[in-house]
Amino acid sequence: MTSIQGKGDQPEEPGVVGEAQIGDGVRGVSHAEYKGGVVGVNDNDTPRAGPGVYGQSPGTGVVGESTTWHGVFGHTTSTTGGHGVSGDGDVGVSGVGRKWIGVYGETNADPSVGASGIWGDGKDSGDGVKGHAKAPGKAGVAGFQLGNSGPGVYGQGAPAGHFQGDVVVTGDLVLPGADYAEELTTGSDEVPPGTVVVLDEAGRIRPCTEEYDARVAGVVSGGRGVKSSLVLDRHDEGAPVALMGKVWALADAGTHPIRAGDMLTTSGRSGHAQLVTDRSRAFGAIIGKALTDLPSGRGLVRVLVTAS
């Protein structure tokens, strides 16, 4: 049974009009489960059909109030990007949670489409998602992966993450790569990955050219595509020099074969390491310890870099 039914036959003629000087213009009450007190339906099947319910006011256009569930609920059956709830204004959608969440988003879409419970798009002027918090111990933005099968927070960009302040890590810090490096200023010579370098009179690095050179700085990281795990003091005119860890280095075994466990030093061949055969000359000129063999000729040797 319908208490009141109206039909508008003209373009600007509403189906039902309610006006009150003091109370509500229109009030609808329903006692049935999952039925609305007021329901608005626009059955025009064009993509730009008008809203089912439209509210206009100097204050709040539409107000929904509930004691147990949704104050306002929006639902769409569109398969082409329709919105359950759409907001357009200085603040598009605002939610205040008195006992729980201010705004809640949920998705059951196929993961292959990049589904997300909440999506923020800053376009060309703002942040995609911004969060603020004032309470002690509470995060501005918090991410939780409840299945322990992926990251709690994922960032992609250049840089992927930026922190202004201290960073606390309570678990392992896993970094790809195999060495710790410092970016040192290069001179006029090329210093490709794997090059054994020494310091010149200006404190810049260049390929070694002498045996047992005590000015040795280390090995340029990146040989065989293995990047550094950590690089300090990055700058435009530098190259990462491995100070500790494992790195691939150019080596010359033309005179003496290199075996795993051998100590290495600078050689007379530009940018190459060689076997230490005179320990009295090696003091202060050690590069590190060979981890792989090089029986003869020239090639790359994996080196465990140690401080001289």
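The structure we're discussing is the one just above.
What counts, and where the lines are drawn
- Residues numbered from 1 in each chain as written.
- Predicted model: local features only at pLDDT ≥ 70, side-chain atom pairs only at ≥ 80, totals over all residues.
- Heavy atoms only, no water.
- Patch = residues over 30% accessible without salt bridge, like charges linked within 9 Å, V, L, I, M, F, W, Y side chains within 5 Å.
- Areas by Shrake-Rupley, 256 points an atom, 1.4 Å probe, with all protein chains shown as cover.
- Salt bridge = Lys/Arg side-chain N within 4 Å of Asp/Glu carboxyl O.
- Helix = DSSP H or I, 4+ residues; strand = E, 2+ residues; numbered from the N terminus.
- Core = buried A, V, L, I, M, F, W, Y, C linked by side-chain atoms within 4.5 Å.
- Buried < 20%, exposed > 50% of the residue type's maximum accessible area, 1.4 Å probe, protein only.
- Lys, Arg positive; Asp, Glu negative; His and termini not counted.
- Polar contact = N/O pair within 3.5 Å; in protein donor to acceptor, adjacent residues only side chain to side chain.
- Contact = heavy atoms within 4.5 Å.
- Pairing = 2+ DSSP bridges.

## Topic: a nonpolar patch on the surface
Turning to step 1, where the next piece is worked out: A surface patch of nonpolar side chains, amounting to about 670 Å² of accessible area, comprises Phe163, Val167, Val169, Leu173, Leu175, Leu230 and Leu232.
Turning to step 2, where the next piece is worked out: For Phe163, the location among the structural elements is in the segment before β1 (179–185).

## Quick look at the nonpolar core
Side chains of a nonpolar character, in soluble globular proteins, are inclined to be buried together.
Turning to step 1, where the next piece is worked out: Of all hydrophobic cores here, the largest spans 20 residues; its most connected members are Val196, Ile258, Leu264, Ile287, Val301 and Val303.
Turning to step 2, where the next piece is worked out: Elements represented by at least two residues in this core include exactly β2 (196–199), β4 (216–220), β6 (238–252), β8 (273–275), β9 (286–290) and β10 (298–305).
Turning to step 3, where the next piece is worked out: Considering every element that reaches this core, the biggest residue donor is β6, with four residues.
Turning to step 4, where the next piece is worked out: Among the nonpolar cores identified, the runner-up in size contains six residues, and Val191, Val197, Val220 and Val241 belong to it.

## Details of the side chain of Glu183
Turning to step 1, where the next piece is worked out: One can find Glu183 in strand β1.
Turning to step 2, where the next piece is worked out: Of the side chains bearing the opposite charge, Arg234 lies closest to the buried Glu183, which forms no salt bridge; the N-O distance is 4.3 Å.
Turning to step 3, where the next piece is worked out: Within the structure, Glu183 has its side chain in polar contact with the backbone nitrogen of His235 (distance 2.9 Å).
Turning to step 4, where the next piece is worked out: Excluding residues that lie within four positions of it along the chain, Glu183 makes contacts with Val231, Leu232, Asp233, Arg234, His235, Gly238, Ala239 and Pro240.

## A closer look at the pattern of salt bridges
Turning to step 1, where the next piece is worked out: According to the stated counting rule, one finds seven salt bridges in the structure shown.
Turning to step 2, where the next piece is worked out: Measuring nitrogen to oxygen at the nearest pair gives 3.4 Å for the salt bridge that ties Lys123 to Asp121.
Turning to step 3, where the next piece is worked out: The exposure class assigned to Lys123 is exposed, which follows from its relative accessible area of 67%.
Turning to step 4, where the next piece is worked out: Owing to a relative accessible area of 45%, Asp121 belongs among the partly exposed residues under this scheme.
Turning to step 5, where the next piece is worked out: Measuring nitrogen to oxygen at the nearest pair gives 3.1 Å for the salt bridge that ties Arg215 to Asp213.
Turning to step 6, where the next piece is worked out: Since its relative accessible area comes to 34%, Arg215 is described here as partly exposed.
Turning to step 7, where the next piece is worked out: In this structure, a network of salt bridges that share partners links the residues Glu210, Asp213 and Arg215.

## Details of the pairing of β2
Here is the key point about a regular strand: its side chains alternate between the two faces of the sheet.
Turning to step 1, where the next piece is worked out: Pairing of β2 with β4 involves three bridges; the strand directions are antiparallel. What sits directly across from Val198, in β4, is Val216.
Turning to step 2, where the next piece is worked out: Sheet topology note: the β2/strand β3 (residues 205–207) ladder contains three bridges and is antiparallel. Along β3, the bridge assignment pairs Leu199 with Ile205.

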